[in-house]
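If you want the building blocks of each chain, they are given just below.
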Amino acid sequence: MFLLVLALFLGLFIGALWQPIFGILGYLAVYLIWDPGMWWGKAINQYLPRPSFMAMAFLVIGAIIHLGELDWSFSRREYELYLFLGMIFLSSFVFGIGVQDDSWVYIVKMAKMFVFIFLLIRVVHSLHDYNLLVWIFIISTLFLSYEGHTVSAGYYYKGRLEFIGGVDFGEANGVAAVSAIGTLFLGLGILYASTWWKKSLYLLGTAFTIDTIILTQSRGVFAGLLIVIPYILLWAPSQYRKKICIFAGVGIVLFVTLVSGNFMTRMKTMSEELEYDQEERLSRTDYWRTSLQIFKDHPLGIGVKNFQKIVTAYDPRNPGMDAHNTYVICYSETGILGIILFLIIIAETFLQLRRIHLMAINLPENEITFYALALGGALIVYLTGYGMTHTTLYKEILWILLALPICLENVARNLLSEASQEIYDSEL
């Protein structure tokens, strides 16, 4: 395992000097699977210290070497993403209650992440590159599933799979959410796979990742996936809806077959309160009510990672816990301007996915349609069930998912341009 992962990282890092897309894949591979707590992660750290930094360094160098091959067009959606980063700085340094060490950590993290997104949009503008991007998600998700099925009992807490995966989602719900991304790419891959053996492999991979989600017993991700099914049926091309219903039925059969009694018991407690001590109970709605008081006193935001510092002053029962809601954290820490911009970004992302669906009608490459569906489904998981019960605002994967439709629209636009040029050339 150690040599396999080390070879993957080094191969992608060095490959970035040849083609920047490998730098993108290297950064994502490190982000998704590098776990410094695993024995192989500790071993890699001895030979490859700070792999995330090294991945970014090779990516930047590769982008500079191939500067002329990058896509230098900018869209309004991209500017909106950078504007949100500006809101983070503004709320923290101008309107906030102060910037402490942990605030700095997240501010720097967000700035680094937007540098990656800047390069991601510049590099990924062909279907070939986008296919590689999808496969790094699939491979990483399958790797996490393999780990989840082979780790010792020490990686389970109260029957839930915990403590595996990248540093940004090494707990049960984060692992489940990332597994959902792979599940969507694999599940929809069944539809556009050209042969039955490929469809069979996609089906086996889907079963594997679904079982990983079951092992995490994540209520939020489970709820998000329930919302995804009607979304996919609504936006899928009409000729595929019957197949989607059939495969969804197969997925339900797989789920029922694999699910345990503990999972179903936990799903029935989605509305249960969160107990933080033996004498008092504090529900998520208590966090949210307190956040409204904070927002009233600080309408322009209290700054990054300051909710936990200030919440005790408003509700002494809270020992300094997170709000467990992405939107609550957004308006509390980035203020009214931040939450408005965040909602605009989300709305425009889904409008962009709709444009991609319409563009794909005129393209022979049906992967475009299903990539758009998978991205929309992944965002629904992160923005509804998971995002409503956990804070994902400062997780890189959320912003990467919000940026990927920009890349996909560029791919679709370039394909349409090439098709138009071919028609023009054939008429000459």
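Here the structure is shown first, and the text comes after it.
A brief report on the enclosed structure follows. (Residues numbered from 1 in each chain as written. Predicted model: local features only at pLDDT ≥ 70, side-chain atom pairs only at ≥ 80, totals over all residues. Heavy atoms only, no water.)

1. Quick word on the overall build of the protein chain
Point 1. Counting its secondary structure elements, the protein chain contains 19 helices and four strands.
Point 2. Taken over the C-alpha trace, the protein chain has a radius of gyration of 22 Å; the compact-globule value for 428 residues is 22 Å, and the two agree within 12%.
Point 3. When the backbone C-alpha atoms are referred to their principal axes, the protein chain occupies close to 75 × 50 × 45 Å.
Point 4. In the protein chain, the proportion of contacts linking residues at least 24 apart, taken out of those at least 6 apart, comes to 76%. (Helix = DSSP H or I, 4+ residues; strand = E, 2+ residues; numbered from the N terminus. Rg over C-alpha atoms; globule rule 2.2 N^0.38 Å. Contact = heavy atoms within 4.5 Å.)

2. Focus on the pattern of salt bridges
Point 1. Across all of its chains, the model carries eleven salt bridges by this definition.
Point 2. A salt bridge links R76 to E80; its shortest N-O distance comes to 3.9 Å. Highlighted residues: R76 and E80, both in helix 5 (residues 76–95), separated by four residues, approximately one helical turn.
Point 3. For the salt bridge of K112 with E396, the shortest nitrogen-to-oxygen distance reads 3.9 Å. In this pair, K112 is assigned in helix 6 (residues 101–123) and E396 in helix 19 (residues 396–427), connecting sequence segments 284 residues apart.
Point 4. What makes E396 buried here is its relative accessible area of 4%. (Salt bridge = Lys/Arg side-chain N within 4 Å of Asp/Glu carboxyl O. Buried < 20%, exposed > 50% of the residue type's maximum accessible area, 1.4 Å probe, protein only.)

3. Here's the deal with helix 3 (residues 39–47)
Point 1. When helix 3 is considered as a whole, its buried residues turn out to be W40, G41, A43 and I44. In an axial view of helix 3, the angular spread of the buried residues amounts to 160°, which keeps them on one side of the axis. Summarising the geometry of helix 3, the exposed residues directed more than 90 degrees from the buried face are W39, K42 and Q46.
Point 2. Where helix 3 is buried, its residues meet helix 1 (2–15), helix 2 (20–33) and helix 7 (127–150). (Arc of directions from axis to C-beta.)

4. Notes on a nonpolar patch on the surface
Point 1. Taken together, the side chains of F89, L90, F93, V94, F95, W104, V108, L300, I336, L337, I340 and I344 define a hydrophobic patch exposed on the protein surface, amounting to about 990 Å² of accessible area.
Point 2. Listing elements by their share of the nonpolar patch, those giving two or more residues are helix 5, helix 6 and helix 16 (335–360).
Point 3. For the nonpolar patch, the element with the most residues is helix 5, which contributes five residues.
Point 4. Mapped onto the secondary structure, W104 falls in helix 6. (Patch = residues over 30% accessible without salt bridge, like charges linked within 9 Å, V, L, I, M, F, W, Y side chains within 5 Å. Areas by Shrake-Rupley, 256 points an atom, 1.4 Å probe, with all protein chains shown as cover.)

5. Focus on the side chain of E333
Point 1. The residue E333 is located in helix 15 (residues 326–333) in this model.
Point 2. K305 is the oppositely charged side chain nearest to the buried, salt-bridge-free E333, at an N-O distance of 6.1 Å.
Point 3. The residues contacting E333, other than those within four sequence positions of it, are S91, G301, I302, G303, V304, K305, N306, F307 and Y394. (Lys, Arg positive; Asp, Glu negative; His and termini not counted.)

6. Looking at the nonpolar core
Point 1. By size, the foremost hydrophobic cluster in this structure holds 131 residues, and its most contacted members are F9, Y130, F137, F342, I368 and W399.
Point 2. Among the elements that line this core, the one with the most residues is helix 19, at 14 residues.
Point 3. Those residues in contact with Y130 that lie beyond four places of it in its chain are V124, Y371, L375, L404, C407, L408 and V411. (Core = buried A, V, L, I, M, F, W, Y, C linked by side-chain atoms within 4.5 Å.)

7. Section: the packing of aromatic side chains
Point 1. Under the definition given, this model contains 29 aromatic pairs.
Point 2. Between the aromatic rings of W18 and F22, the centroid separation amounts to 5.7 Å while the plane-to-plane angle is 15°, which identifies the pairing as stacked.
Point 3. By relative accessible area, W18 is classed as exposed at 57%.
Point 4. With centroids separated by 5.4 Å and ring planes inclined at 70°, the aromatic side chains of F295 and Y331 adopt a geometry described as edge-to-face. Residue F295 is found in helix 13 (residues 284–297), and its partner Y331 is found in helix 15; the two are separated by 36 residues along the sequence.
Point 5. Taking relative accessible area as the criterion, F295 reaches 22% and is therefore assigned partly exposed.
Point 6. Taken together through their ring pairs, the aromatic side chains of W72, F74, Y79, Y82, F84, F114, F118, Y327, F342 and W399 make up a single cluster. (Phe/Tyr/Trp six-rings, centres within 6.5 Å; stacked < 30°, edge-to-face > 60°.)

8. Side note on the packing of helix 1 against helix 3
Point 1. The interhelical angle for the contact between helix 1 and helix 3, taken along N-to-C directions, is 50°, at an axis separation of 9 Å. By the criterion of interaxial angle, the relationship of helix 1 to helix 3 is oblique. Judged by the twist between their axes, the crossing of helix 1 over helix 3 is right-handed. Across the interface between the two elements, F2, V5, L6 and F9 of helix 1 pack against W39, W40, A43, I44 and Y47 of helix 3.
Point 2. Considered class by class, the residues forming the contact of helix 1 with helix 3 number nine nonpolar, no polar and no charged. (Axes fitted to C-alpha atoms, helices over the stretch in contact; angles between N-to-C directions. Parallel < 35°, antiparallel > 145°, perpendicular 65-115°, else oblique. Left-handed = near helix turned anticlockwise from the far one by under 90°. Nonpolar A, V, L, I, M, F, W, Y, C, P; charged D, E, K, R; others polar.)

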